[in-house]
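Below, each chain spelled out in residue letters.
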Amino acid sequence: SCDPDPWEALGQPACGDVCPHTLTMWDSYGDGWNGTNIDVYVDGNLVFDGLTIESGAGPETVTFMAGTGSEITTVYNCVSWCLEPWYCIYDGLGIELGCDGTVGGGTEPTGITVYGNCEPIFGACCDPYTGICTDDVSYFDCSAPLEFTQDAQCAELDPICGIPGACCDDET
């Protein structure tokens, strides 16, 4: 079945497992993008035409729907002051998928292609101070000082949890 809500504004139904993704824009000089803009496509469908920051440094964030594996492509349309803008795309879990341009400016964005993600990431979660490790923990449930190793089980960690260098090459 299809869920028309994600594409309601464009009149195109989306099918499959979709979730909100975000695109956040900044301007290094703080005066907006001066007419420069980006277009955003999901699986070849235009979802934003001419996104820009009208004034200020940002951040300005927009939300759009995409599924796991959806191709998200941006087209950068430079009008003026092309080295000032930069932007990043984040998946449905808030994890950065990719950025275009340079933080603080200096490198002209060129447009990027990234792939959507709605699926949680699981792995081993290690407490380096107690040596306790838990398998199959969501990335979001394993925050500092705990250390996360994606797609791993505790028994696979080398060195084991609690020993300096375990879980993510920590030097505790």
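To be clear, the structure that these remarks concern was listed above.
This report concerns the structure included in the present document.

## Focus on the side chain of Ser138
Phase 1 of the analysis: With respect to the helices and strands, Ser138 occurs in strand β12 (residues 133-138).
Phase 2 of the analysis: Those residues in contact with Ser138 that lie beyond four places of it in its chain are Ile121, Phe122 and Phe148.

## Points about the pairing of strand β8 (residues 85-90)
In the case of a regular strand, side chains alternate between the two sheet surfaces.
Phase 1 of the analysis: Taken across its 6 residues, β8 has 6 buried, putting it largely inside the fold.
Phase 2 of the analysis: Side chains Pro85, Tyr87 and Ile89 of β8 all project onto a buried face; the interleaved residues Trp86, Cys88 and Tyr90 project onto the opposite face, where all are buried too.
Phase 3 of the analysis: The sheet contact formed by strand β3 (residues 18-27) and β8 spans 6 bridges and is antiparallel. Bridge pairing in β8 places Met25 opposite Tyr87.
Phase 4 of the analysis: Taken together, the 4 bridges between β8 and strand β9 (residues 96-100) define a ladder with antiparallel strand orientation. Note that in β9 the partner of Cys88 across the bridge is Cys99.

## Some details on the side chain of Thr73
Phase 1 of the analysis: Topologically, Thr73 is positioned in strand β7 (residues 71-77).
Phase 2 of the analysis: Once residues within four sequence positions are removed from consideration, Thr73 is found in contact with Asp39, Val40, Tyr41, Ile112 and Thr113.

Definitions and cut-offs
- Residues numbered from 1 in each chain as written.
- Predicted model: local features only at pLDDT ≥ 70, side-chain atom pairs only at ≥ 80, totals over all residues.
- Heavy atoms only, no water.
- Helix = DSSP H or I, 4+ residues; strand = E, 2+ residues; numbered from the N terminus.
- Contact = heavy atoms within 4.5 Å.
- Buried < 20%, exposed > 50% of the residue type's maximum accessible area, 1.4 Å probe, protein only.
- Pairing = 2+ DSSP bridges.

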